[in-house]
Amino acid sequence: MSSDCLFCKILAGEIPADLVYESDTAVAFRDINPQAPTHVLVIPRKHIATINDIEPDDQQIVGSLYTAAREIAAAAGIAEDGYRAVMNCNEGAGQSVFHIHLHVLGGRALGWPPG
Ligand code: AMP
């Protein structure tokens, strides 16, 4: 828990969120500013600021973000058409909340490369 972290406050129930998934290690909720018909953020319960801060002991936690993404995509009905699971690292890549989160985006055609 990091006291000044927005996503830690969501985990603590101090800020509301539209939760769609919970496990021992991960929680997912709808992005407040969705960029696709399905736009869900999957976060670890453990506060990890960026990809650069992931430790070897965090591998199971980080892996669990992807099993969550798989379940979320299946529940949203986008698994077969396709979806993107992407994590930005630091400002240069567009990271604005410094608690790692996997963006799960789908429900429309997604261009590549991203901007
Ligand atoms: P990033 O720019 O990769 O760090 O992504 C941060 C994401 O968090 C953005 O897509 C925001 O729209 C989203 N976001 C910010 N505040 C909230 C919130 N209170 N609830 C849900 N999503 C949020």
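The structure we're discussing is the one just above.
From a predicted model like this one, the values you see are computed outputs, not experimental measurements.

Asks: What exactly am I supposed to notice about the sheet that holds strand β5 (residues 102-106) here?
Replies: Remark on secondary structure: sheet strands pair via backbone hydrogen bonds, oriented parallel or antiparallel. A sheet is described by the order of its strands in space; here 5 strands give the open sequence β1-β2-β3-β5-β4, paired in antiparallel fashion. Two strands close off the open sheet at either side, each with one partner strand: β1 (19-22) and β4 (83-86). With strand direction ignored, the average angle separating the axes of adjacent strands in the sheet is 20°. By the bridge criterion, 5 bridges tie strand β3 (residues 38-44) to β5 in an arrangement that is antiparallel. Note on β5: the bridge partner recorded for His 39 is Leu 105.

Asks: Mind showing me how you'd approach the nonpolar core here?
Replies: Side chains of nonpolar character tend, in soluble globular proteins, to be buried together. In terms of nonpolar packing, the biggest core is built from 15 residues, with Tyr 21, Ala 28, Val 42, Leu 65, Ile 72, Ile 100 and Leu 102 touching the most fellow members. Elements supplying a minimum of two residues to this core: β2 (26-30), β3, α2 (59-76) and β5. Ranked by residue count, the leading element in this core is α2, at 5 residues. Beyond its immediate sequence surroundings of up to four residues, Ile 72 is in contact with Val 20, Tyr 21, Ala 28, Val 40 and Val 42. By size, the runner-up hydrophobic cluster in this structure holds 9 residues, among which are Val 27, Phe 29, Leu 41 and Val 97.

Asks: Whenever I open this one, the packing of aromatic side chains confuses me. Can you help?
Replies: Per the stated rule, a full pass over the model turns up 1 aromatic pair. Between the aromatic rings of Phe 7 and Phe 29, the centroid separation amounts to 5.3 Å while the plane-to-plane angle is 75°, which identifies the pairing as edge-to-face. Taken together, the residues Phe 7 in helix α1 (residues 6-11) and Phe 29 in strand β2 connect sequence positions 22 residues apart. Here Phe 7 and Phe 29 have matching classes, each one buried.

What counts and how
Residues numbered from 1 in each chain as written. Predicted model: local features only at pLDDT ≥ 70, side-chain atom pairs only at ≥ 80, totals over all residues. Heavy atoms only, no water. Pairing = 2+ DSSP bridges. Helix = DSSP H or I, 4+ residues; strand = E, 2+ residues; numbered from the N terminus. Axes fitted to C-alpha atoms, helices over the stretch in contact; angles between N-to-C directions. Core = buried A, V, L, I, M, F, W, Y, C linked by side-chain atoms within 4.5 Å. Buried < 20%, exposed > 50% of the residue type's maximum accessible area, 1.4 Å probe, protein only. Contact = heavy atoms within 4.5 Å. Phe/Tyr/Trp six-rings, centres within 6.5 Å; stacked < 30°, edge-to-face > 60°.

By themselves, these figures tell us nothing about what the structure is for.
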